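# Breakdown of the fold
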Amino acid sequence: MAVSTSPETPIPVGEVSRLIGGWIERLGAVWVEGQITQLSRRPGAGVVFLTLRDPSYDISVSVTCYRQVFDKVAEVVSEGARVVVHAKPEWYAPRGQLSLRAAEIKPVGVGELLARLEQLKKSLASEGLFAADRKKPLPFLPQLIGLVCGRASAAERDVLENARHRWPAVRFAVRNVPVQGVHAVPQVIAAVQELDALPEVDVIIVTRGGGSVEDLLPFSDEQLVRAVGAAVTPIVSAIGHEPDSPLLDLVADLRASTPTDAAKKVVPDVGEELARVQQLRERARRAIEGFVQREERGLAAALHRPSIQRPQRMVEEREEQITALLERGRRTLGHLLDRADSELTHTLARVVALSPKATLERGYAVLQKPDGTAVRSPGEVTAEDSLRARVAEGEFRVRVDGAPGAATAAE
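Residues numbered from 1 in each chain as written. Predicted model: local features only at pLDDT ≥ 70, side-chain atom pairs only at ≥ 80, totals over all residues. Heavy atoms only, no water.

## Some remarks on the nonpolar core
Ranked by internal contacts, the top residues of the largest apolar core, which has 30 residues, are Val148 and Val206. Elements with a minimum of two residues in this core: helix H3 (110-126), strand S6 (144-149), helix H5 (184-196), strand S8 (203-208), helix H6 (222-230), strand S9 (235-239) and helix H7 (247-251). Broken down by element, this core gets its largest block of residues, six residues, from H5. Setting aside chain neighbours within four positions, we find Val206 in contact with Val148, Val188, Val192, Phe219, Ile235, Val236, Ser237, Ala238, Ile239 and Leu248. One finds Ile145, Ala163, Val203 and Ala263 within the second-largest nonpolar core, a separate group that totals 17 residues. (Core = buried A, V, L, I, M, F, W, Y, C linked by side-chain atoms within 4.5 Å. Buried < 20%, exposed > 50% of the residue type's maximum accessible area, 1.4 Å probe, protein only. Helix = DSSP H or I, 4+ residues; strand = E, 2+ residues; numbered from the N terminus. Contact = heavy atoms within 4.5 Å.)

Next up, the structure:
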């Protein structure tokens, strides 16, 4: 319960310490898991002092136990080991210190660790942290590579030497951190986040040499896996050797089997790239030469066409065709005119031949009554009738004689 205090009614330090101790005692015994970072076994002392640390959160707590409790696991427990402790929290009021009084210590076996890792793997996979669509592609030629590794380690040397052998101009931003033990997880996370915040870093390699399952546990830590999954910069995992597979391999954008393999996958080989450039140049040259040759053949074929060699030939051919058509038209029109002229001449001859005038010119005359009708028989006239006689050169009047059929010329 909360204590009522004020500047006028404070409580002493001893009372505060006593209250804290009372609250802690009510917690009761608990099972606690952690990693032993310090172990003190003084000869002849009846109490063993431990420091138990949570590698994920960089938090530690002191643990004490009787020697007979520790002696049960002394052969299998040492500094760096993971253990499960059944302990009761204790508050040392004079110094204001919290510690755990262990009544039982159980080492965490490899099988149990692997089972927990498998459970954590399934949990993280269900969240989608290992999904392929989350993985970012690596740049073809990174200008600056972030490297997280142990200080003066073989992994660091392998990455640097192989990368510079493949591409001498490559640059590195190296962050040396512990790669095993209780301090590994927070410092690896800090190094990854620091490099990820640098815009000039194109890719980050997290690497270390091989080791036992316990040595590689920091690279399966949940906090580290989530930190790598949240990074913006592509991250390459190169932990251990081919059989080693920490959870970092699953969340990283690319897994390399060894540090050397990481250098080969991140940095292109300058010799191979020069050879590829030369091949592409040769391919481009052949393509251009082939294109030019095809165009030359096409141009030569076009130049050998009659229409190109003698452009006026088309005009001449059309001129000949037009001349022939004009001549044909003239002949056709001439024939039509000649035929029409001949027909007109024949018609005119027939008309002339059948014309009354032609008959008159042969000496005949046409007798007409006063009303203009022609006299065709003697019975149509009577004596003394006055008629008009038409001859070829004109006309004159005649009078019918007394006898039918006889006529005399009028005066």
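## What to know about the pairing of strand S7 (residues 171-176)
Relative to S7, S6 runs parallel, the two sharing six bridges. Of the residues in S7, the one forming a bridge with Ile145 is Phe172. Between S6 and its parallel partner S7, the chain crosses via helix H4 (residues 154-166), and the hand of that crossover is right-handed. (Pairing = 2+ DSSP bridges. Right-handed = clockwise from strand over helix to strand, strands pointing away.)

## Observations regarding a nonpolar patch on the surface
Taken together, the side chains of Val3, Ile11, Val16 and Trp23 present a nonpolar region at the surface, about 300 Å² in accessible area. The residue Trp23 is located in helix H1 (residues 13-25) in this model. Among the residues examined, Trp23 registers a relative accessible area of 39% and is labelled partly exposed. (Patch = residues over 30% accessible without salt bridge, like charges linked within 9 Å, V, L, I, M, F, W, Y side chains within 5 Å. Areas by Shrake-Rupley, 256 points an atom, 1.4 Å probe, with all protein chains shown as cover. Salt bridge = Lys/Arg side-chain N within 4 Å of Asp/Glu carboxyl O.)

## Concerning the pattern of salt bridges
Overall, the coordinates contain 17 salt bridges when judged by the stated rule. Between Arg276 and Glu273 there is a salt bridge, with the nearest N and O atoms lying 2.7 Å from each other. A residue pair is termed a helical-turn pair when its members lie 3 or 4 positions apart in one helix, as Arg276 and Glu273 do in helix H9 (residues 270-303) at three residues. You can call Arg276 partly exposed: its relative accessible area is 38%. Of the residues examined, Glu273 reaches a relative accessible area of 15% and is grouped as buried. Each of Glu127, Glu222 and Arg226 takes part in salt bridges that share partners, so that together they form one network.

## Some words on the sheet that holds strand S10 (residues 254-255)
In spatial order, the strands read S7-S6-S8-S9-S10; together these five strands make up an open sheet with parallel pairing. Both edges of this open sheet fall to S7 and S10, since each of them pairs with a single strand only. Strands S6, S7 and S8 of the sheet are contacted by H4, whose axis makes an angle of about 175° with S7. Running over the sheet, H5 touches S6, S7, S8 and S9 and is turned about 175° from S6. (Axes fitted to C-alpha atoms, helices over the stretch in contact; angles between N-to-C directions.)

## A look at the confidence of the model for the chain
Averaged over the chain, the pLDDT score is 86; the fraction of residues at 70 or greater is 95%. Element-level mean pLDDT values for the chain span from 51 in strand S14 (residues 407-409) up to 95 in S6. (pLDDT = per-residue confidence, 0-100.)

## A few points about the packing of H5 against H6
Contact geometry for H5 and H6: axes closest at 10 Å, N-to-C directions at 5°. One way to sum up the angle between H5 and H6 is to call them roughly parallel. Contacts between H5 and H6 involve Val188, Ile189 and Gln193 from the former and Gln223, Leu224 and Ala227 from the latter. Looking at the contact of H5 with H6 residue by residue, the classes come out as four nonpolar, two polar and no charged. (Parallel < 35°, antiparallel > 145°, perpendicular 65-115°, else oblique. Nonpolar A, V, L, I, M, F, W, Y, C, P; charged D, E, K, R; others polar.)

## Side note on the packing of aromatic side chains
Note on aromatic pairs: each is described by the distance of the centres and the angle between the planes. Summed over the entire model, instances satisfying the criterion amount to zero aromatic pairs. Looking at Arg101, its charged tip hangs above the ring of Tyr66, at a distance of 5.1 Å from the centre. (Phe/Tyr/Trp six-rings, centres within 6.5 Å; stacked < 30°, edge-to-face > 60°. Lys NZ or Arg CZ within 6 Å of the ring centre and 35° of its normal.)

## Describing H4
With 13 residues, H4 extends 18 Å between its outermost C-alpha atoms, agreeing within 8% with the 18 Å of an ideal straight helix rising 1.5 Å per residue. Of the residues making up H4, those classed as buried are Ala155, Glu156, Val159, Leu160, Ala163 and Arg166. End-on, the buried residues of H4 take up no more than an arc of 145°, which puts them together on one face. As for H4, its buried residues are in contact with S6, S7, S8, helix H8 (259-266) and H9. (Expected span 1.5 Å × (residues − 1). Arc of directions from axis to C-beta.)

## Section: the environment of Phe172
Relative to the elements of secondary structure, Phe172 occurs in strand S7. It is 104 Å that separates the C-alpha atoms of Phe172 and His335, two residues lying 163 residues apart in sequence. In this view, Phe172 contacts Leu144, Ile145, Leu147, Val159, Leu160, Ala163 and Arg164; residues no more than four positions away in its chain are not counted.

## Considerations on the pairing of S8
A large share of S8 lies buried, amounting to six of its six residues. Of the two faces of S8, both are covered, the one formed by Val203, Ile205 and Thr207 as well as the one formed by Ile204, Val206 and Arg208. Sheet topology places S6 next to S8; four bridges connect them, and they run parallel. Paired with Val148 across the two strands is Val206, which belongs to S8. Both S8 and S9 contribute to a ladder of five bridges, which runs parallel. Note on S9: the bridge partner recorded for Thr207 is Ala238.

## Section: the packing of H4 against H8
Their axes nearest at 8 Å, the elements H4 and H8 cross at an angle of 30°. On the basis of the axis angle, H4 is roughly parallel to H8. As for the relative orientation of H4 and H8, their crossing is right-handed in sense. Where H4 approaches H8, its residues Ala155, Asp158, Val159, Asn162, Ala163 and Arg166 are matched on the opposing element by Pro259, Thr260, Ala263 and Lys264. Within the contact of H4 with H8, the residues separate by chemical class into five nonpolar, two polar and three charged. (Left-handed = near helix turned anticlockwise from the far one by under 90°.)

## Regarding the sheet that holds strand S2 (residues 47-54)
Overall, mixed pairing links the five strands, which are arranged S1-S2-S3-S5-S4 in a closed barrel. With strand direction ignored, the average angle separating the axes of adjacent strands in the sheet is 55°. Sheet contacts for H1: strand S4 (82-92) and strand S5 (97-107); angle to S4, the most-contacted strand, approximately 140°.

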